[in-house]
Amino acid sequence: MNYDHFFADAIDALRKERRYRTFAEIERDAHHFPRAVWHSPGGPRDIVVWCSNDYLGMGSHPKVIEAMCAAAQERGAGAGGTRNISGNSHEIVTLERELADLHGKEQGLVFTSGYISNDTGISTIVKLIPDCVVLSDELNHNSMIEGVRHGGRQKAIFRHNDLDHLEELLKAAGDRPKLIAFESVYSMDGDISPMAGICDLAEKYGAMTYLDEVHAVGMYGARGGGVAEQEGVMHRIDVIEGTLGKAFGVVGGYITGKRVLIDAVRSYAPGFIFTTALPPAIAAAAAASVRHLKDSQAEREGQRAQVAKVKAALAAAGLPQMDTPTHIVPVMVGDAKACKMASDLLLAEYGIYIQPINYPTVPRGTERLRITPTPFHDDALIAHLAKALSDVWERLELPYADRVIERPDSRRVALGPAPIPLPVAGG
């Protein structure tokens, strides 16, 4: 039997729906972030990256690079095995102490990625709690969804940031053990959860709380502890999860919490036990980044300033950006083909790299370009971005912000008429 046609048919289905993903080959320039080199079909070209999750440029920070190089020289390139065999390096233990301190928790546990820390962390926690009910925000990241699914317990999905609906579900769960899983900053819409209200309900109904701070650590709070630190509720959250691969600029994920909970996850989680540890060089670089951002306000202040300028420039151009209180700037397109064409034009003709965000990452009809300004996107780059987006909007006859739609959660989204169906670039 020839099995290839199954895979070919699956890929063809994605192409027909305009959801087939292409990856540009890019070389980041550590000396000129956010500039990079794109290996285009016509040869290498200089570009500017506007969609990186290296939100503060810490992946290029001298302290981080120096720590990584020094550890690699002294400890070698790899970890030597899983944490249980030979990979429990001094550097990774030091990193876990830094992370526990960052979030005001007794202990931290590092994983190979933020995805794994959510999937493994949530699933292991709920497996260890008999008859647990998991209450999950409907817009939680796929890693959280998979963690809930792999935990095998009953789940209930509450409407996004809807405290009344969450309370209904908590009441319905009765006296059973309960875990509320939610995020601080939602990465596609850029909104923030009503964290204090969720904590109030958790305390009222005897539920545990699990908070994903992936898109907030490093950027919010006096020391970069995230939105929970900024809002003064870190001590009310049972488990705080984060990543080392976004604002901290390296790679890896982690959870923090009480010592007994972290020890239980360490002892039972397959995604921790059977996975090779982060190399010492990676752990040392991440720890250097965390330490730096605990003390330095320059990166956070610089990012806030440039984010505000980007939002103002796009608003002045009449572009349909979603109103967000965070560093994430979604520019709404509303059509998968048009979104891909806009992204292709920006890269090929303006040297601007912004990946299209299509289904299933966002619902159909809400396709968008997701812009993430950093402290290093200077005023000249911002002006170039606004001009390029305006040109692309004109060329593709995309909708401008000439009407406003109220979302169910009362956030305002500026949209124009439905875009005209467009041919796909390249046929």
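Undergrad: Please clarify how the overall build of the chain should be interpreted in this entry.
TA: Looking only at helices and strands, the chain has 14 helices and 16 strands in total. Taking 2.2 N^0.38 as the reference for a compact globule, 427 residues should give roughly 22 Å; the C-alpha atoms of the chain span a radius of gyration of 22 Å, in line with that estimate. Residues counted as buried form 54% of the 427 residues belonging to the chain. Put simply, 71% of the contacts in the chain that link residues at least 6 apart link residues at least 24 apart. Of the roughly 18700 Å² that the chain leaves accessible, carbon and sulfur atoms contribute 55%. Separation of charge centres in the chain, based on 45 positive and 54 negative side chains, amounts to 2 Å.

Undergrad: Could you clarify how one ought to interpret helix 1 (residues 4-16) in this entry?
TA: Each full turn of the α-helix corresponds to 3.6 residues, which orients residues three or four apart in the same direction. Compared with an ideal rise of 1.5 Å per residue, which puts 13 residues at 18 Å, helix 1 spans 18 Å between its outermost C-alpha atoms and is within 8% of the ideal. Phi turns positive, to about 60°, at Arg18, one or two residues after helix 1.

Undergrad: Explanation requested: the sheet that holds strand 12 (residues 352-353) in the structure shown.
TA: In sheet architecture, strand pairing relies on hydrogen bonds along the backbone and comes in two forms, parallel and antiparallel. The strand order across the open sheet formed by four strands is 1-2-3-12, and the pairing between neighbours is mixed. With one partner strand each, in any of the chains shown, strand 1 (26-28) and strand 12 form the two edges of the open sheet. Pairing analysis gives three bridges linking strand 1 to strand 2 (residues 35-40), with the strands arranged antiparallel. Bridged to Arg28 within strand 2 is Ala36.

Undergrad: Which parts of the structure should I look at to understand the pairing of strand 3 (residues 43-49)?
TA: On a regular strand, one side chain projects to one face of the sheet and the next to the other, so that they alternate. Inspection of the sheet shows strand 2 paired to strand 3 by six bridges, in the antiparallel sense. Bridging from a neighbouring strand, His39 pairs with Pro44 of strand 3. Between strand 2 and strand 3, which pair antiparallel and follow one another directly, the connecting turn spans two residues. Relative to strand 12, strand 3 runs parallel, the two sharing two bridges. Directly across from Val49, in strand 12, lies its bridge partner Tyr353.

Undergrad: Would you mind going over the state of the cysteines with me for this structure?
TA: Formally, a disulfide is one covalent bond, and it connects the sulfur atom of one cysteine to the sulfur atom of another. Inspection of the entire model under this criterion finds zero disulfides. This cysteine, Cys51, is not joined by any disulfide, and Cys339 carries the nearest cysteine sulfur, 11 Å off. Considering cysteine sulfurs only, Cys199 is the nearest to Cys132, which forms no disulfide, with 17 Å between them. On the basis of relative accessible area, Cys132 is assigned to the buried category, the value being 1%.

Undergrad: In this structure, what is going on with the pattern of salt bridges? I would like to understand it.
TA: Opposite charge on two side chains permits them to pair, given that their charged atoms come into close proximity. Inspection of every chain in the model, using the stated rule, returns 22 salt bridges. Measuring nitrogen to oxygen at the nearest pair gives 2.8 Å for the salt bridge that ties Asp101 to Lys294. Of this pair, Asp101 sits in helix 3 (residues 90-102) while Lys294 sits in helix 11 (residues 280-295), placing them 193 residues apart in sequence. Judged by its relative accessible area of 41%, Asp101 is partly exposed. The partner of Glu349 in a salt bridge is Arg395, with the nearest N and O atoms 2.6 Å apart.

Undergrad: When you look at the packing of helix 6 (residues 163-173) against helix 7 (residues 195-205) in this model, what are you seeing that I'm missing?
TA: For any two helices packed against each other, the geometry comes down to the angle between their axes and how far apart the axes lie. Running from amino to carboxyl end, helix 6 crosses helix 7 at an angle of 15°, the nearest separation of the two axes being 11 Å. The orientation of helix 6 with respect to helix 7, classified from their angle, is roughly parallel. Our pair here, helix 6 against helix 7, has a crossing hand that is right-handed. Of helix 7, the residues touching helix 6 (which contributes Leu163, Leu166, Glu167, Leu170 and Lys171) are Gly197, Ile198, Leu201, Lys204 and Tyr205.

Undergrad: Any chance you could explain the pairing of strand 7 (residues 178-183) here in plain terms?
TA: Taken across its six residues, strand 7 has six buried, putting it largely inside the fold. Both faces of strand 7 are covered, namely the face carrying Lys178, Ile180 and Phe182 and the face carrying Leu179, Ala181 and Glu183. In this sheet, strand 7 lies alongside strand 5 (residues 133-137) in parallel orientation, the contact comprising four bridges. Note on strand 7: the bridge partner recorded for Val134 is Leu179.

Undergrad: Where do I start with the packing of aromatic side chains in this structure?
TA: When we look at a pair of aromatic rings, we describe it by the centre distance and by the angle of the planes. Enumeration according to the criterion identifies three aromatic pairs in this entry. On the numbers, 5.9 Å between centres and 85° between planes, the contact of Phe33 with Phe376 is edge-to-face. Separated by 343 residues along the polypeptide, Phe33 in the loop between strand 1 and strand 2 and Phe376 in the loop between strand 14 (368-371) and helix 14 (379-396) bring together distant segments of the chain. The exposure class assigned to Phe33 is buried, which follows from its relative accessible area of 12%.

Undergrad: I'm lost on the packing of helix 2 (residues 62-75) against helix 11 in this one. Help?
TA: Running from N to C, helix 2 and helix 11 cross one another at 150°; their axes reach a closest spacing of 7 Å. With respect to their mutual orientation, helix 2 and helix 11 come out roughly antiparallel. Regarding helix 2 and helix 11, the two cross each other, and that crossing is right-handed. On the side of helix 2, the interface is formed by Lys63, Val64, Ala67, Met68, Ala71, Ala72 and Arg75, while helix 11 contributes Pro280, Ala281, Ile282, Ala284, Ala285, Ala288, Ser289 and His292. Of the residues assigned to the contact of helix 2 with helix 11, the class counts are eleven nonpolar, two polar and two charged.

About the cut-offs
Residues numbered from 1 in each chain as written. Predicted model: local features only at pLDDT ≥ 70, side-chain atom pairs only at ≥ 80, totals over all residues. Heavy atoms only, no water. Helix = DSSP H or I, 4+ residues; strand = E, 2+ residues; numbered from the N terminus. Rg over C-alpha atoms; globule rule 2.2 N^0.38 Å. Buried < 20%, exposed > 50% of the residue type's maximum accessible area, 1.4 Å probe, protein only. Contact = heavy atoms within 4.5 Å. Areas by Shrake-Rupley, 256 points an atom, 1.4 Å probe, with all protein chains shown as cover. Lys, Arg positive; Asp, Glu negative; His and termini not counted. Charge placed at Lys NZ, Arg CZ, Asp CG, Glu CD. Expected span 1.5 Å × (residues − 1). Pairing = 2+ DSSP bridges. Disulfide = S-S within 2.5 Å. Salt bridge = Lys/Arg side-chain N within 4 Å of Asp/Glu carboxyl O. Axes fitted to C-alpha atoms, helices over the stretch in contact; angles between N-to-C directions. Parallel < 35°, antiparallel > 145°, perpendicular 65-115°, else oblique. Left-handed = near helix turned anticlockwise from the far one by under 90°. Phe/Tyr/Trp six-rings, centres within 6.5 Å; stacked < 30°, edge-to-face > 60°. Nonpolar A, V, L, I, M, F, W, Y, C, P; charged D, E, K, R; others polar.

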